[in-house]
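Residues per chain, in single letters:
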Amino acid sequence: MSDKGARARGRLLWEATRIFSDKGFAKASTREICQAAGLNVASIHYYFGDKAGLYRAVLCKPLEDLGEGFNQFDEPGLPLRESLSRFMAALLCPWGQDELSTWLMRLHLREMVEPTPDYKDVMARHIQPYHLRLVNLLARHAGAARADDALHQLAFALVAIVHDYGMSREFMQILAPTLLRGSRAMDRVLERLVGYGEALVEYERRVRAGAGHAPAKPAARERQSQRTKR
């Protein structure tokens, strides 16, 4: 692709990301996107095939970029802290720190409430491989012979605590305005999150070794004891 073509394609992706995030797939028009990009209406067909192809490219581009950050986070022999640091840093850095990342976050939030047919396939192709790699990494460090639902839950928990710094950033700035202030704020956040992640993995390891607490049983026994006393 020529430099001119790459620039045109980039303008389409930029404007489409903004408009799709604001209006959703169904209400966004290709004409509006092309006008905003300063291109003719045939350009979407030329570069992406159709509106659905453009939308898919908008969804895939940031996930493909994230993939570069995930490289080698699960190298055999790597300490857990370093693995978590690499993985969490790749998730933490992009979200909510500039205009484009805000649009992308809003777009993916839209997909959670208004899922499009392609979204499941996009997730399966671009996210599932890294999720499974994370689960296998956790299995090694938690002393599990193979992946199971508890390890999937642990993986979801680790991802969630990082994603919240994008999805809840505006709330955080209201509730704790100094937390994300300063040039090294995200470095400090990452350091804490990695420590929290280590604690979650250690808890899972202890549960599997029989040294942890089964969450529901103590409470159930306490309720039964109170009923007996009555």
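Residues numbered from 1 in each chain as written. Predicted model: local features only at pLDDT ≥ 70, side-chain atom pairs only at ≥ 80, totals over all residues. Heavy atoms only, no water.

Draft legend 1. Looking closely at the overall build of the protein. Helices and strands together make up the secondary structure of the protein, namely twelve helices and zero strands. Ordering the α and β elements of the protein from the N terminus gives α-α-α-α-α-α-α-α-α-α-α-α. Burial analysis of the protein (230 residues in total) assigns 36% to the buried set. Residue pairs in contact within the protein that sit at least 24 positions apart in sequence constitute 66% of those at least 6 positions apart. Approximately 13800 Å² of the protein is accessible, and the part contributed by carbon and sulfur atoms is 54%. (Helix = DSSP H or I, 4+ residues; strand = E, 2+ residues; numbered from the N terminus. Buried < 20%, exposed > 50% of the residue type's maximum accessible area, 1.4 Å probe, protein only. Contact = heavy atoms within 4.5 Å. Areas by Shrake-Rupley, 256 points an atom, 1.4 Å probe, with all protein chains shown as cover.)

Draft legend 2. Region of interest: the side chain of His131. By the secondary structure assignment, His131 is in helix H8 (residues 128-142). Residue classification places His131 among the buried positions, given a relative accessible area of 16%. Filtering out sequence-adjacent residues up to four positions away, His131 remains in contact with His152, Ala155 and Phe156.

Draft legend 3. Examining helix H9 (residues 149-167) more closely. For H9, with 19 residues, the first-to-last C-alpha span of 25 Å sits near the 27 Å given by 1.5 Å per residue. Restricting attention to buried positions, one finds in H9 the residues Leu151, Leu154, Ala155, Leu158, Val162, Tyr165 and Gly166. Buried positions along H9 lie against helix H5 (80-92), helix H6 (99-113), H8, helix H10 (169-175) and helix H11 (185-208). Where H9 begins, the capping side chain belongs to Asp148, and its oxygen is found 3.2 Å from the backbone nitrogen of Ala150. (Expected span 1.5 Å × (residues − 1). Polar contact = N/O pair within 3.5 Å; in protein donor to acceptor, adjacent residues only side chain to side chain.)

Draft legend 4. Highlighting a nonpolar patch on the surface. A cluster of nonpolar side chains, contributed by Leu109, Met112, Val113 and Met167, occupies part of the molecular surface with about 370 Å² of accessible area. Sort the elements by how many residues they give to the nonpolar patch and H6 lands first, with three residues. By relative accessible area, which is 34% here, Met167 ends up partly exposed. (Patch = residues over 30% accessible without salt bridge, like charges linked within 9 Å, V, L, I, M, F, W, Y side chains within 5 Å. Salt bridge = Lys/Arg side-chain N within 4 Å of Asp/Glu carboxyl O.)

Draft legend 5. Local environment of the pattern of salt bridges. Enumeration over the complete set of coordinates arrives at twelve salt bridges. The salt bridge involving Arg205 is made with Glu202; its shortest N-O contact spans 2.7 Å. Highlighted residues: Arg205 and Glu202, both in helix H11, separated by three residues, approximately one helical turn. Given a relative accessible area of 33%, Arg205 falls into the partly exposed group. One connected set of salt bridges, linked through shared partners, spans Arg56, Asp118 and Asp121.

Draft legend 6. Region of interest: the environment of Gln35. In this fold, Gln35 is placed in helix H2 (residues 30-37). The exposure class assigned to Gln35 is exposed, which follows from its relative accessible area of 58%. In the structure, Gln35 is positioned 23 residues away from Leu12 in sequence and 9.6 Å away in space, judged by C-alpha atoms.

Draft legend 7. Quick peek at the packing of aromatic side chains. Per the stated rule, a full pass over the model turns up six aromatic pairs. With a centroid separation of 4.9 Å and an interplanar angle of 85°, the aromatic rings of Phe20 and Tyr55 are classed as edge-to-face. You can see Phe20 sitting in helix H1 (residues 3-27) and its partner Tyr55 sitting in helix H4 (residues 51-69), a full 35 residues away along the chain. Considered together, Phe20 and Tyr55 belong to a single accessibility category, that of buried residues. Ring geometry for Phe73 against Phe87: centres 4.9 Å apart, planes inclined by 55°, an arrangement best described as tilted. (Phe/Tyr/Trp six-rings, centres within 6.5 Å; stacked < 30°, edge-to-face > 60°.)

Draft legend 8. Geometry of the packing of H8 against H9. In contact at an axis separation of 9 Å, H8 and H9 are set at 110° when each is read in the N-to-C sense. Relative to H9, H8 is oriented roughly perpendicular. As for the relative orientation of H8 and H9, their crossing is right-handed in sense. Contact residues: H8 offers His131, Leu132, Leu134, Val135, Leu138, Ala139 and Ala142, while H9 offers Leu151, His152, Leu154, Ala155, Phe156, Leu158 and Val159. For the contact of H8 with H9, the per-class residue count stands at twelve nonpolar, two polar and no charged. (Axes fitted to C-alpha atoms, helices over the stretch in contact; angles between N-to-C directions. Parallel < 35°, antiparallel > 145°, perpendicular 65-115°, else oblique. Left-handed = near helix turned anticlockwise from the far one by under 90°. Nonpolar A, V, L, I, M, F, W, Y, C, P; charged D, E, K, R; others polar.)

Draft legend 9. Layout of the environment of Glu204. Of note, Glu204 is situated in helix H11. Note on Glu204: relative accessible area 11%, which makes it buried. Sequence-wise, Glu204 and Leu151 are 53 residues apart; in three dimensions their C-alpha atoms are separated by 8.2 Å. Once residues lying within four places of it in the same chain are set aside, the contact partners of Glu204 are Ala142, Ala150, Leu151 and Leu154. Of note is the side chain of Glu204, whose polar atom sits 2.7 Å from the side chain of Arg208.

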